[in-house]
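One letter stands for each residue in the lines below.
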Amino acid sequence: MIPLIDLKEQYAALREEIGVRISEVLASGHYVLGPNVENLEKEVATFLDAKHAVGVASGTDALHLAIAAAGIGAGDEVITTPFTFAATAEAISYVQATAVFVDIDPVSFNIDPGRIESAITPRTKAILPVHLFGLSADMEAIESIARAHGLLVIEDCAQSFGARVSGTAAGTFGLAGCLSFYPSKNLSCYGDGGMILTDSDEFSKNLRVLRNHGSSRPYHHDKLGFNSRLDELQAAILRIKLENIESYNENRRRVARRYTQLLDDLPIVTPHARSGMSHVYCQYTIRTPLRDQIRVRLSETDIGTAIYYPVPLHRQQLWRQDTPSLPVCDQVSEECLSLPMFPELQDEQIEHVVDTIRSVFA
Ligand SMILES: *Cc1c(COP(=O)(O)O)cnc(C)c1O
């Protein structure tokens, strides 16, 4: 049996260290927004080269608070991708703004910058690219469109911790980069957690107020805020994992290289990172018209797979729009298949997955 993702091996390797740090936190009496959160914020900001990092309760909250702090609200439009987890569009809807979906690029699976300008209206306030599956969207093109039209950029980096474009970390291009530490992400904790990156002093101050009931001094509430705080246990665990993140991401790239080599002679589209982009493979997602047959065969062999995403957001009841169809996204959602991917995946396991896929074509 090969699972889509195995979190137990990583825990086994860190078990002692995590045990010690958890005991220290429990003994300290400080459980929410304490020294571990503060240090984690500094360490993440340093690692990704952002000026500020603000810990919050989840990736969804990171998006919601960033959008709210950017002053986006009712009547505003935010341009984003339909090929993403629902949280991206939920965060836009939470502030009563409208998500405007633009079709994706068939190779990167990310928003197609060539289609953004025709979606801009006088109500457009921001572009919200998602760096899907661990690969950065085309930030150079997106930034230049945003600059030309006076739009904000807020990045959904939930799946791309450590992804870079010519050395610059995904999440540090726009006004804000929103991270998730959910267990299935590249840098992950054992519960919910999130963080917002920004270079703006003012914006980071606003976020710190918003995440803590709108108060900058205890019991003085200047704005309507939220309870969205990161806790010390998760922060302590994340600090340990941050020390290993380069190795986790390098191992994900090793797994991806092996898959790509072995799948090379099959009529399957494998993930491809443009030169200068470093992919961190939160998912290894292939494309093939035989997707459903392959999925059944793998499942009969006890190999885990997933379809991210079977129903794009422009096809969901909540966000269905009169927009013209988004044909690339529709086709990709019928052909995509995510294979087992985690840093500890062994060569023999990768070979077994590919042999099983090969048997479908035999
Ligand atoms: C996981 C994810 C989120 C939400 O993160 P949570 O921490 O689960 O709230 C948002 N966007 C994308 C693209 C994600 O994959």
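All of these numbers come straight from a predicted model, not from anything done at the bench. (Residues numbered from 1 in each chain as written. Predicted model: local features only at pLDDT ≥ 70, side-chain atom pairs only at ≥ 80, totals over all residues. Heavy atoms only, no water.)

I tried to follow the overall build of the protein on my own but got confused; where do I start?
Assigned secondary structure in the protein consists of 11 helices and 14 strands. Computed over C-alpha atoms, the radius of gyration of the protein comes to 20 Å, within 12% of the 21 Å expected from 2.2 N^0.38 for 362 residues, which places it in the range of a compact globule. Principal-axis analysis of the C-alpha atoms places the extent of the protein at approximately 70 × 55 × 35 Å. Scored against the burial criterion, the 362 residues of the protein give a buried share of 56%. Long-range pairs, those at least 24 residues apart, make up 72% of the contacts in the protein with a sequence separation of at least 6. Surface accessibility of the protein: about 15700 Å² in total, with carbon and sulfur atoms responsible for 50%. Here the protein contributes 32 positively and 46 negatively charged side chains, and the mean placements of these two sets differ by 3 Å. (Helix = DSSP H or I, 4+ residues; strand = E, 2+ residues; numbered from the N terminus. Rg over C-alpha atoms; globule rule 2.2 N^0.38 Å. Buried < 20%, exposed > 50% of the residue type's maximum accessible area, 1.4 Å probe, protein only. Contact = heavy atoms within 4.5 Å. Areas by Shrake-Rupley, 256 points an atom, 1.4 Å probe, with all protein chains shown as cover. Lys, Arg positive; Asp, Glu negative; His and termini not counted. Charge placed at Lys NZ, Arg CZ, Asp CG, Glu CD.)

How should the site of the ligand be read in this particular structure?
Around the ligand, the structure places 15 residues, and the nearest of them are G59, T60, D156, S180 and K185. At 2.8 Å from a nitrogen atom of the ligand is found a side-chain nitrogen or oxygen belonging to D156. Within the side chain of K185, a nitrogen or oxygen atom sits 2.7 Å from an oxygen atom of the ligand. Protein chains bury 93% of the 380 Å² of accessible surface belonging to the ligand in isolation. For the shell around the ligand, the secondary-structure elements that each account for two or more residues are helix 3 (59-69) and helix 4 (87-94). (Near = heavy atom within 4 Å. Polar contact = N/O pair within 3.5 Å; in protein donor to acceptor, adjacent residues only side chain to side chain.)

Mind showing me how you'd approach the sheet that holds strand 3 (residues 98-101) here?
Each strand in a sheet pairs with its neighbour through backbone hydrogen bonds, running either in the same direction (parallel) or in the opposite one (antiparallel). One open sheet holds the 7 strands; their spatial order is 1-9-8-5-4-2-3, and the pairing between them is mixed. Every other strand in the sheet has two partners, leaving strand 1 (52-56) and strand 3 as the edge strands with one partner each. Each adjacent strand pair in this sheet contributes to an overall mean axis angle of 25 degrees, direction not counted. Sheet analysis places strand 1 next to strand 9 (residues 194-198), joined by 5 bridges and oriented antiparallel. Bridge assignment links V56 to a residue of strand 9, and that residue is G194. Across the sheet, helix 3 touches strand 1, strand 4 (124-128), strand 5 (152-156), strand 8 (176-180) and strand 9, and the angle it forms with strand 8 is around 160 degrees. (Pairing = 2+ DSSP bridges. Axes fitted to C-alpha atoms, helices over the stretch in contact; angles between N-to-C directions.)

I tried to follow helix 2 (residues 35-48) on my own but got confused; where do I start?
Three- or four-residue spacings in an α-helix give side chains the same orientation, since the helix completes a turn every 3.6 residues. Under the 1.5 Å per step criterion, the end-to-end length of helix 2 is 20 Å for 14 residues, consistent within 8% with the ideal 20 Å. Within the sequence span of helix 2, burial applies to N36, V37, L40, E41, V44, A45 and L48. Projected down its long axis, helix 2 carries its buried residues within an arc of 160 degrees, all on one side. Facing away from the buried surface of helix 2 by more than 90 degrees, the exposed residues are K42 and T46. Directly after helix 2, the chain includes D49, whose backbone phi takes a positive value near 65 degrees. (Expected span 1.5 Å × (residues − 1). Arc of directions from axis to C-beta.)

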